[in-house]
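For reference, the chains in residue letters:
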Amino acid sequence: MKAAHLRATLRVLGNSIVLQVKDNVVSNYFIATLVMQPVIFTIISVGTYLYGHKPDLGLFAITGTGLISIWNNNLFISGELIRRERRTGTLSLVIAAPTPLLVILLGKSFANAITSVLAMGVTFLTGMIAFRLPIGIADPLVFSIGLVLVVFSITCLGLVFGSLFVITRNAGEFVSVANFPVYILSGLSVPLTLLPLWTRPLSNFLTPTWGNKILNQAAVQSSGNMLPNYLWIVGLSAIYLVIAWFLYRRVEYLALRAGTLEQW
Amino acid sequence: MAVILTQNLHRTFQTTTGIIRRKKKEIVALDGVDLSIEPGELFGLLGPNGAGKTTITRILATVLLPTSGSAQVFGLDIIKEVKAIRPRIGLVFGGERGLYWRLSGKDNLQYFADLYKVPPEVAKKRIPELLELVGMADRANERVEGYSRGMKQRLHIARGLIHDPELFFLDEPTIGLDPLAARDLREVIRRLNQAGKTIFLTSHYMFEIDALCHRVAVMDKGKILVMDTPSALKKVVANLEVVEIECFGIPRELVEKIRSHPAVQAVNIEQLDQSQMLQIQAPAGAELVQEFLGMLNGVQVRKVVTRQPTLEDAYVKLVGEGGKKV
């Protein structure tokens, strides 16, 4: 019975990914956040470092900007997922189904995250074409493993923020504001060494911090022990999922009590 | 054992008014509802907008919590035993919302089959059967955004049935449909009930409830006014007849004058395209037509008809004048 239940849950996960990809390919919003935004962010970010005569930070700016785009994309598209479910009137139907909402959203968000890896490619290309930066990746294997892990982990972090969208249609405003501290504290827009020391524990709790370390290091040199960084990402992902599990149960209850599932 | 049992069910909603000095206001949507619905029954809930029909449907379908009172579905508590209830119920709301428009009809069904953990081999067989049942087999691979309203509504029915529920909630399923599409949908509902499904149907349309339901409850302002079989409800108006007068531009005071006539039981006025239809309920055989026409002196009258009362007239009498303006 438990095996059948697990198979059914995995099937929902898999089909949620397929459904989301099908839905995304016809969405202009998705293309805009996946292509246009990384191009603009890269030009601003790399341009700032070059103008400040710090060309050695060019690669840092590119990986950071790539992760910002993945994070932004994941956060807003995941929020948009619930907003769209609300708008199309499917949110209450999805909640009325026996599959937990978190499983459905995990599948859909992961689909977005996988596709959003394209944003990292766009930032590298923009750096090469717009600024003629000689960009190569010293350790492609470590870089790839790090990218997959951080994308999954960002999906889990996005779910924690996304839970707010279940309870209120106005979550977008809060998330828009909360979005910036995440990538500042993760050292994606400015190096962590420039931030005050008291911010370090907060940075450690954010998975893009560790993802950025892996990607930066793998891009510039092939040596170095990445295991602690990998473990941080895996551990944080587990913590995010546990938090998200409790949050979704709670916000679902609150939404049912407040009767807000149909508001859009 | 009753499939649905509610006791003293209450639900209030809070709204706020004002921008700077915000005031909270409480709106009573359900005010002590008691219901008992038996297995295999096709139960109709009738009432004007804001009566509480959708609220009670959502509570019983486990997508809204009651403020107080108790409700059981299959003998299970709708708050504490949600997980056991959800796989056994189907839910369909009226209107075009509730589907993934960018996906095909078939993909929508497949997705909801997954959400309800229908085994793939069962879903593979059931999806074409349901598409056939609702007459959508030939358009199943097209995107939902290209469907007409009636097609979307039929797809909703198929979606709600994808996990073969024992109890089916239909909240105004024929709203906005053209007469032919609505008739087809009613036929589908009838067949589902004949196949053994218990159906909880809410509707604005009296004839729909009359034609389909075994029992009907009339609801207004969050309360159940009366609950019985359609034929028993019609007895409320059994000794009456209805005089229908179609006229142009009838003044409000003339309507009130007719209403205050000692023999008149209820008056309803319905706005037609160019004219108004005045429906007067009065004792049968009272020969009041000439008297009413005399009262309407100066108003252009197009047509006068006397007919037997229907469930709709019983509803108008029970709910009052506002009841018909739904």
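Residues numbered from 1 in each chain as written. Chains lettered and ligands numbered in written order. Predicted model: local features only at pLDDT ≥ 70, side-chain atom pairs only at ≥ 80, totals over all residues.

## So, the overall build of chain B
Counting its secondary structure elements, chain B contains eleven helices and 14 strands. Burial status across chain B gives 43% buried among its 326 residues. (Helix = DSSP H or I, 4+ residues; strand = E, 2+ residues; numbered from the N terminus. Buried ≥ 20, exposed ≤ 12 C-beta atoms within 10 Å, placed from the backbone.)

## Brief notes about the sheet that holds strand β12 (residues 266-271) of chain B
Residue and element names in this part refer to chain B. Taking strand neighbours across the sheet as the criterion, the four strands line up as β12-β13-β11-β14 in an open arrangement whose pairing is antiparallel. In this open sheet, the two strands that pair with only one neighbour each are β12 and β14 (300-307). Taken over all neighbouring pairs, the strand axes of this sheet differ in orientation by 20° on average, direction set aside. As paired strands, β12 and strand β13 (residues 276-283) are joined by six bridges and run antiparallel to one another. Note on β13: the bridge partner recorded for I269 is L278. Contacts between helix α11 (residues 311-319) and the sheet are confined to β11 (240-248), β12 and β13, with β12 contributing the most and set at about 110° to the helix. (Pairing = 2+ DSSP bridges. Axes fitted to C-alpha atoms, helices over the stretch in contact; angles between N-to-C directions. Contact = placed C-beta atoms within 7 Å.)

## Description of the nonpolar core
As a rule of thumb, nonpolar side chains are buried together in soluble globular proteins. Counting 160 residues, the largest nonpolar core has L60, A158, I162, F169, I199, F200 and L201 of chain B as the members making the most contacts within it. When neighbours within four sequence positions are excluded, F169 of chain B is seen to be in contact with T57, L60, A61, I89, G90, L91, V92 and F200 of chain B. (Core = buried A, V, L, I, M, F, W, Y, C linked by C-beta atoms within 7 Å.)

## A look at the confidence of the model for chain B
All names here are of chain B. Of the residues in chain B, 97% have a pLDDT of 70 or more, and the chain-wide mean is 86. Taking the mean pLDDT of every element in chain B, the minimum, 76, falls on α11 and the maximum, 95, on strand β5 (residues 76-77). The ipTM assigned to the predicted complex is 0.74, against a pTM of 0.76. (pLDDT = per-residue confidence, 0-100.)

## Regarding the environment of N24 of chain A
With respect to the helices, strands and loops of the structure, N24 of chain A is situated in helix α1 (residues 2-24). Through-space distance from the C-alpha of N24 of chain A to that of N112 of chain A is 8.0 Å; in sequence the pair is 88 residues apart.

## Points about the sheet that holds strand β4 (residues 68-73) of chain B
Residues and elements named next belong to chain B. One open sheet holds the four strands; their spatial order is β2-β1-β4-β5, and the pairing between them is antiparallel. Edge strands, defined here as strands with exactly one partner in the open sheet, are β2 (23-37) and β5. For β4 and β5, the ladder comprises two bridges, and the chain directions are antiparallel. Across the sheet, the residue bridging to V73 is L76, located in β5.

## As for the pairing of strand β6 (residues 89-93) of chain B
Residue and element names in this part refer to chain B. Within β6, five of the five residues are buried, which leaves it mostly tucked inside the rest of the structure. Of the two faces of β6, the one lined by I89, L91 and F93 and the one lined by G90 and V92 are each fully buried. Bridge count between β6 and strand β7 (residues 167-171): five bridges; the pairing is parallel. Looking across to β7, one finds that G90 is bridged to F168.

## A word on the pairing of β13 of chain B
Residue and element names in this part refer to chain B. In terms of strand pairing, β11 meets β13 through eight bridges, oriented antiparallel. Opposite V243, over in β13, you have I280 as the bridge partner. What sits between β12 and β13 in their antiparallel hairpin is a turn of four residues.

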